[in-house]
Amino acid sequence: MIANQTISTGAVIVAAGTSSRMLGIDKVSVEVAGAPLLLWSVRSADCCRHIERIAVVVHPERYEWARELVEHEPLHKPILVCSGGARRQDSVMAGALALETVSFVAVHDAARPFATPDLWMRTVEAAWSGGTCAIAAIPVRDTLKRSFPAGSPVQTVPRDGVWLAQTPQVCQRARLLEGLRLLEERHIQATDEASVFEYLGDAIFLVTGDTRNFKITTPDDLALAQAWSAAHISSIRSATERLRVGIGYDIHRLTTGRPLILGGERITHDQGLDGHSDADVLLHALMDALLGAAALGDIGVHFPPSDPRYRGADSRSLLRSVVQLVRQNGFVPAQVDAVVIAERPRLREVIDPMRQHIAADLGCTLDMVNIKATTNERLGPEGRQEGISAFVVATVVSVSGIEEKKSDSADL
């Protein structure tokens, strides 16, 4: 096994074919859900945290088109475009040579647009662990029949242990180049990178692939990709409708003669926060975030400071009322991330008790509540110890979305 901290990995996106079975359609440039097919694979590789840089290998006639395409795409990783050769192994070599600073290369067909970042990651990690080559593949599910030559008797082929190879295929770069050069000298053609390592006698590791990671070879495959991408985008929109995010902010002045209460926790300090209720800025910001996520206004609407009923009110009680209101409108709290800004007192020792109060009032687990405390570097009202403020981001999920998830789990 190779130590992970010494490994660098690049992606080679192979897109140099002539689309000979696409009846005149240039598949890498055809748009799927508003983006050229090539970009789907580039974006997927770009989202994998193990990939450091990307080489896109295209037919020489598409070089300028591809270069302009990736130049205008907001990507996180360095990317270069190079021209490929007549055969797949020529294009793979061109891409591997271009990524001269990496120790592993992850080769992927541009014609497989739906490889997930998770599949990239798992295949890369398997290659790192084995030190040679790892490929994505799926086990054969259908019964296999063989009739060769044409017209000969049909035979059933045992499918046990038979896998359909996919990409990415992740290889130790130096060993891959060595194998490709050897095959070239001996005039042997490789159909994929794994076959190069087979020829060398090196170990190859299988990673369970994904049926959605199919290869677009014919116009029928392209039609399937169009349909799948439309359904995929629809599911994302549906998930977005089920998931809502809100932001909340509050600040209160410090004053003497008042208790300091933050996150429902009474804190020993020589000053407290001034306000109509108990002036718990953290819970007030949290309530605003929850109400905002559910599009229900703010706490000033529901608990106006002019109303004597809320004078000195316990903010935890108000928070529970907000949670009930959010639930009545079809949502439940899912996650909270908060930051409290105070020069003094130091809040590290009371963060866990505050998290426990909030989790209890939201009806969620402790791991769904995060609280951070920071100073304002002596700047502004917080820095001058005139007040304390809080920012909160809260996520809520629709109750219907949760019920759908439960139903899906029950069907498994």
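Here the structure is a predicted model, which means the values were calculated and not measured.

Regarding the packing of aromatic side chains
Right, on to step 1. With the rule as written, the count across this model stands at four aromatic pairs.
Right, on to step 2. Ring geometry for Y249 versus F391: centroids 4.7 Å apart, planes at 40 degrees, classification tilted. With Y249 in strand β12 (residues 243-255) and F391 in strand β18 (residues 387-398), this residue pair connects regions lying 142 residues apart in the sequence.
Right, on to step 3. The structure contains a cluster of three or more aromatic residues connected by ring pairs, namely W40, F114 and F214.

A look at empty space enclosed by the protein
Right, on to step 1. Enumeration over the complete set of coordinates arrives at one cavity of 30 Å³ or more.
Right, on to step 2. In this model, the largest cavity occupies a volume close to 30 Å³.
Right, on to step 3. What lines the largest cavity is R88, Q89, V92, L180, A190, D192, E193 and V196.
Right, on to step 4. For the lining of the largest cavity, the elements supplying multiple residues, two or more each, are α3 (88-98) and α6 (193-200).
Right, on to step 5. Tallied by class, the residues present in the lining of the largest cavity amount to four nonpolar, one polar and three charged.

Side note on the sheet that holds strand β5 (residues 79-83)
Right, on to step 1. In space, the seven strands of this open sheet follow the order β5-β4-β1-β6-β10-β7-β11, with mixed pairing throughout. Bordering the open sheet on either side are β5 and β11 (204-208), each of which pairs with just one other strand. Adjacent strand axes in the sheet meet at a mean angle of 25 degrees when their direction is disregarded.
Right, on to step 2. In this structure, strand β1 (residues 9-15) lies alongside strand β6 (residues 104-109), joined through six bridges in parallel fashion. Pairing of G10 across the sheet is with V105, part of β6.
Right, on to step 3. Sitting on the sheet, α3 touches β1, β4 (53-58), β5, β6 and β10 (163-172), and the angle it makes with β5 is about 140 degrees.

Quick look at the pairing of β1
Right, on to step 1. With seven of seven residues buried, β1 lies mostly within the body of the structure.
Right, on to step 2. Side chains of β1 alternate between two faces, with T9, A11, I13 and A15 and G10, V12 and V14 buried alike.
Right, on to step 3. The sheet contact formed by β1 and β4 spans six bridges and is parallel. Across the sheet, I13 pairs through a bridge with V56, a residue of β4.

Remarks on the sheet that holds strand β16 (residues 331-341)
Right, on to step 1. Ordered in space as β15-β12-β18-β16-β17, the five strands form an open sheet in which the pairing is mixed. Strands at the two margins of the open sheet, each flanked by one partner only, are β15 (272-273) and β17 (369-374).
Right, on to step 2. When β16 meets β18, the two strands line up antiparallel, connected through ten bridges. Residue P333 lies in a different strand from β18, and its bridge partner there is V396.

A closer look at the packing of helix α5 (residues 173-185) against α6
Right, on to step 1. One can describe the packing of α5 onto α6 by two numbers: an axis separation of 9 Å at closest approach and a directional angle of 80 degrees. Regarding the angle of α5 to α6, the classification is roughly perpendicular. Residues R175, L176, G179, L180, L182 and L183 of α5 touch α6, and the partners they reach there are E193, V196, F197, Y199 and L200.
Right, on to step 2. Across the contact of α5 with α6, the residue classes tally to eight nonpolar, one polar and two charged.

Here's the deal with a nonpolar patch on the surface
Right, on to step 1. On the surface, a cluster of nonpolar side chains totalling about 280 Å² of accessible area is made up of V245, I247 and V393.
Right, on to step 2. Mapped onto the elements of the fold, I247 is located in strand β12.

Quick word on the state of the cysteines
Right, on to step 1. Following the criterion strictly, the structure yields zero disulfides and no others.
Right, on to step 2. The thiol of C82 is unpaired, and the distance to the nearest cysteine sulfur, on C171, comes to 16 Å.
Right, on to step 3. On the basis of relative accessibility, which here comes to 14%, the residue C82 falls in the buried class.
Right, on to step 4. Its sulfur unpaired, C171 is 3.9 Å from the next cysteine sulfur, which belongs to C133.

Some words on the pattern of salt bridges
Right, on to step 1. Within this structure, the stated rule accounts for 18 salt bridges.
Right, on to step 2. A salt bridge links E184 to R87, with the shortest nitrogen-to-oxygen separation between them at 2.4 Å. Of this pair, E184 sits in helix α5 while R87 sits in the loop between β5 and α3, and the two are 97 residues apart along the sequence.
Right, on to step 3. Each of the salt bridges in this network shares a partner with another, and the network as a whole consists of R88, D109, R112 and E193.

Calculation criteria
- Residues numbered from 1 in each chain as written.
- Predicted model: local features only at pLDDT ≥ 70, side-chain atom pairs only at ≥ 80, totals over all residues.
- Heavy atoms only, no water.
- Phe/Tyr/Trp six-rings, centres within 6.5 Å; stacked < 30°, edge-to-face > 60°.
- Helix = DSSP H or I, 4+ residues; strand = E, 2+ residues; numbered from the N terminus.
- 1 Å grid on protein atoms, 1.4 Å probe; cavity = no way out; pocket = protein on both sides within 12 Å on 5 of 7 lines; lining within 4 Å.
- Points joined across faces, edges and corners; volume = space filled by probe spheres on them.
- Nonpolar A, V, L, I, M, F, W, Y, C, P; charged D, E, K, R; others polar.
- Pairing = 2+ DSSP bridges.
- Axes fitted to C-alpha atoms, helices over the stretch in contact; angles between N-to-C directions.
- Contact = heavy atoms within 4.5 Å.
- Buried < 20%, exposed > 50% of the residue type's maximum accessible area, 1.4 Å probe, protein only.
- Parallel < 35°, antiparallel > 145°, perpendicular 65-115°, else oblique.
- Patch = residues over 30% accessible without salt bridge, like charges linked within 9 Å, V, L, I, M, F, W, Y side chains within 5 Å.
- Areas by Shrake-Rupley, 256 points an atom, 1.4 Å probe, with all protein chains shown as cover.
- Salt bridge = Lys/Arg side-chain N within 4 Å of Asp/Glu carboxyl O.
- Disulfide = S-S within 2.5 Å.

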